[in-house]
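# Observations on the model geometry
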Amino acid sequence: MILLKTAFTTALVLAQACLISSFGNLGNQHRSRTPTFLRAEATEQSIEVVPGRPTWQQAMLRISDPEKSIPFYTDVMGMTVIDTLDFPQWNFKLFFLTTLPEGEKYDLIPGTKEAHDYMWSIEGTALELTYNYGTEKDDFEGYHPGNEEKDGFG
């Protein structure tokens, strides 16, 4: 279990390091500065393209059965479901999870305005689990991996 937590944390750190190496340091000490790739270098007047503090807010994984997947992330990985967004008209639901800072309690109800506000204001990264209705059924044939001709990519 600790190995899985370590692997997940390592993956997030590596992904963030890739973003930093590609886009410059977007960490706490530089949050108010516009990253180099977003500045208008060749103009007389500097224009800030992205206001605020750009951050990497989410990573997304598709899941086929929330009743099996959510307990894995909460019970084994120690994450907390902080928000949900349900889109029945488009047949999918999103679950947002994060690892809370040590000692922090989470008492908001996922799916409420307060939970939405909390999720969009966290300093860390949220894991977005995307559940497409019906993928938990035995006859679901799976997703295209993107490696074959005409399977949805390229």
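It should be noted that the structure appears before, not after, this text.
All of these numbers come straight from a predicted model, not from anything done at the bench.

Calculation criteria
Residues numbered from 1 in each chain as written. Predicted model: local features only at pLDDT ≥ 70, side-chain atom pairs only at ≥ 80, totals over all residues. Heavy atoms only, no water. Salt bridge = Lys/Arg side-chain N within 4 Å of Asp/Glu carboxyl O. Helix = DSSP H or I, 4+ residues; strand = E, 2+ residues; numbered from the N terminus. Core = buried A, V, L, I, M, F, W, Y, C linked by side-chain atoms within 4.5 Å. Buried < 20%, exposed > 50% of the residue type's maximum accessible area, 1.4 Å probe, protein only. Pairing = 2+ DSSP bridges.

For the structure on display, the rule yields 1 salt bridge. Where D117 meets K113, a salt bridge forms, and the shortest distance between an N and an O atom there is 2.7 Å. In this pair, D117 and K113 are both assigned in helix α3 (residues 113-119), 4 residues apart and thus about one turn of the helix distant.

If you look at soluble globular proteins, the nonpolar side chains tend to sit buried side by side. Core analysis: the largest hydrophobic core is formed by 11 residues, namely I63, I70, Y73, M77, M79, V81, F95, L97, L127, L129 and Y131. Counting only elements with at least two residues in this core, the list comes to α2 (66-76), β3 (92-98) and β4 (126-132). Judged by nonpolar contacts, the second largest core, of 10 residues, contains I82, L100, Y118 and A126.

Another aspect to go through is the pairing of β3. Most of β3 sits inside the fold, with 5 of its 7 residues counted as buried. As judged from the 7 bridges shared by strand β2 (residues 80-87) and β3, these two strands associate in the antiparallel manner. Pairing of T80 across the sheet is with T98, part of β3. The loop that links β2 with its antiparallel partner β3 comprises 4 residues; one of these, N91, has a positive phi angle of about 65°. Pairing between β3 and β4: 6 bridges, direction antiparallel. Its bridge partner being in β4, L97 is matched across the sheet by L127.

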